[in-house]
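Examination of the molecular architecture
Chain by chain, the residues run as shown.
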Amino acid sequence: MARRKKQTYPLWAVAAAVLICAFAGLVSSLHNGASPNQTAQSAQSINSQSVSAAPADTLVYFLDVGQGDCELIRLKTGENILIDSGTGQTKKKLGDMLRTLGVQRIDYLIATHPHEDHIGGMAQVVEEFPIGEIYMPKIPDAQVPTTQVYENLLNAIDKKQLTITAARGGMTILNSGEAKLEVFAPNSDQYSGLNSYSIVTKLTCGEKSFLFAGDAEADSEKEMVAKGYNLKSDVLKCGHHGSSTSTTAAFLKAVQPGTAVISCGVNNDYGHPDKHVVDRLKKAGVTIYRTDLDDTVLARCDGRTITFSTGEKSVIK
């Protein structure tokens, strides 16, 4: 068989061919609706997804945001749940903290009630992250706050054309088999104060469970007990920063937690947590963690056990 002669090309022809291929690739990208920057962003997105892979266990962070409330739940199935967002003082740091913890998207965003120490950073979260579902309590028109922080949140949600679901006791937000997130409050159309409109949720992971009480006060707690909800939980995030208005004896008896977490600021002006509440928890044999003393508290749940670590990075410091 005759050997084929190797063909050679002038250098200018090779350079022209390279330019033509590059131009064809650019046209193809534009034809498909992607800019060169978007193509680069797609590569970065793939890298981000690998970084933010689901954790081996469900991770519940009780973030230290000072005199405020913020809980991040990273389910081992990959979803992220953010309950409240701290104060305006921590809003700039919160996004960085969430990204440091591997969050690229908030699948379920819950604003328990429209007080600044719970939604102070939420507008910024909505602006910075892709958001799935948003849950807020329905507040009667006469009690809707006119604060700038609340207006900022509503504007951020509206700008992204997102929808708000009004949370109500008896709803189930998530039930994947691996994890279940139920709503136990609010249960009435009207309360005397905004705290009692707080969304109260229970997260069940395998055999273990967490109850997040927002700022729900005694009237809401009484309703939840009367409704016959399965309040029993291994971990209780105490209502209203451990205030005397919440964690009543009847409610504590229904929850029967082994561990309680109180989110409050160092030497705060409100005297949170209340001494009587702390004594009540201790008398019931409950282990207490406090963000003012322990910084961010992390609960790691594999479905059968929950282990706690303290001194995790604080958002406030």
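This write-up is about the structure you can find in this document.

In this section: the overall build of the chain. Of regular secondary structure, the chain possesses ten helices and 15 strands. Out of the 317 residues in the chain, the part that is buried amounts to 48%. Expressed as a percentage of contacts within the chain between residues at least 6 apart in sequence, the contacts between residues at least 24 apart total 64%. Counting only carbon and sulfur atoms, one obtains 51% of the accessible surface of the chain, whose full area is about 16000 Å².

Counting residues in each nonpolar core, the largest one holds 31 residues, and the members touching the most others are Leu63, Leu72, Leu82, Leu98, Ile106, Leu109 and Val125. Mapped onto this core, the elements with two or more residues apiece are β1 (58-62), α3 (91-100), β4 (106-110), α5 (122-128), β5 (131-137) and α6 (148-159). Take this core: its biggest share by element is five residues, from α6. In this view, Leu82 contacts Cys70, Glu71, Leu72, Leu98, Ile106, Tyr108, Leu109, Ile110 and Val125; residues no more than four positions away in its chain are not counted. Ile81, Leu181, Tyr289 and Ala299 belong to the second-largest nonpolar core, a separate cluster that totals 27 residues.

In this section: the pairing of strand β15 (residues 306-312). Looking at chain direction, strand β14 (residues 296-301) and β15 are connected through five bridges and run antiparallel. When the sheet's bridge partners are listed, Thr296 is paired in β15 with Glu312. Here β14 folds back onto β15, and the loop between the two strands holds four residues, one of which, Gly303, carries a positive phi near 100 degrees.

A rise of 1.5 Å per residue sets the reference length of α6, with its twelve residues, at 16 Å; its end C-alpha atoms lie 16 Å apart and thus fit the reference within 8%. Three or more residues of α6 are buried, namely Val149, Tyr150, Leu153, Ala156 and Ile157. For α6, the buried positions fall inside an angular range of 125 degrees around the axis, keeping them on one side. Residues Gln148, Asp158 and Lys159 are exposed on α6 and point more than 90 degrees away from its buried face.

This part takes up the state of the cysteines. Going through the model one piece at a time under the given rule, you end up with zero disulfides. Of the cysteine sulfurs around Cys205, a residue in no disulfide, the closest is that of Cys301, at 4.9 Å. Residue classification places Cys301 among the buried positions, given a relative accessible area of 1%.

Bringing the pattern of salt bridges into the picture now. Tallied over the full model, the rule gives twelve salt bridges. Between Asp96 and Arg99 there is a salt bridge, with its nearest N and O atoms 3.1 Å apart. Linking Asp96 with Arg99, this pair stays in helix α3, spanning three residues, or about one helical turn. On the basis of relative accessible area, Arg99 is assigned to the partly exposed category, the value being 35%.

For the structure on display, the rule yields five aromatic pairs. Between the aromatic rings of Phe184 and Tyr229, the centroid separation amounts to 4.8 Å while the plane-to-plane angle is 10 degrees, which identifies the pairing as stacked. Here Tyr229 lies in the loop between α7 (218-227) and β11 (235-237) and Phe184 lies in strand β8 (residues 179-185), a separation of 45 residues in the sequence. Comparing Phe184 with Tyr229, the two get one shared label, buried. Here Phe210 and Phe212 contribute two aromatic rings whose centre-to-centre distance is 6.4 Å and whose plane-to-plane angle is 10 degrees, an arrangement assigned as stacked. Ring pairs connect the aromatic residues Phe62, Phe210 and Phe212, which therefore count as one cluster.

Mapped onto the fold, His118 is located in helix α4 (residues 116-119). A polar side-chain atom of His118 sits 3.5 Å from a polar atom in the side chain of Thr112.

This part covers the sheet that holds strand β2 (residues 71-74). The strands that make up a sheet pair up through hydrogen bonds in the backbone, lying either parallel or antiparallel. Reading across the sheet, the eight strands line up as β6-β5-β4-β3-β2-β1-β14-β15 and stay open at both edges, with mixed pairing between neighbours. In this open sheet, the two strands that pair with only one neighbour each are β6 (164-167) and β15. Direction aside, the axes of adjacent strands within the sheet are offset by 20 degrees on average. Here β4 runs beside β5; their pairing, made up of four bridges, is parallel. Pairing of Ile110 across the sheet is with Tyr135, part of β5. Against the sheet, α6 touches β5 and β6, its axis set at about 140 degrees to β5.

The rules we used
Residues numbered from 1 in each chain as written. Predicted model: local features only at pLDDT ≥ 70, side-chain atom pairs only at ≥ 80, totals over all residues. Heavy atoms only, no water. Helix = DSSP H or I, 4+ residues; strand = E, 2+ residues; numbered from the N terminus. Buried < 20%, exposed > 50% of the residue type's maximum accessible area, 1.4 Å probe, protein only. Contact = heavy atoms within 4.5 Å. Areas by Shrake-Rupley, 256 points an atom, 1.4 Å probe, with all protein chains shown as cover. Core = buried A, V, L, I, M, F, W, Y, C linked by side-chain atoms within 4.5 Å. Pairing = 2+ DSSP bridges. Expected span 1.5 Å × (residues − 1). Arc of directions from axis to C-beta. Disulfide = S-S within 2.5 Å. Salt bridge = Lys/Arg side-chain N within 4 Å of Asp/Glu carboxyl O. Phe/Tyr/Trp six-rings, centres within 6.5 Å; stacked < 30°, edge-to-face > 60°. Polar contact = N/O pair within 3.5 Å; in protein donor to acceptor, adjacent residues only side chain to side chain. Axes fitted to C-alpha atoms, helices over the stretch in contact; angles between N-to-C directions.

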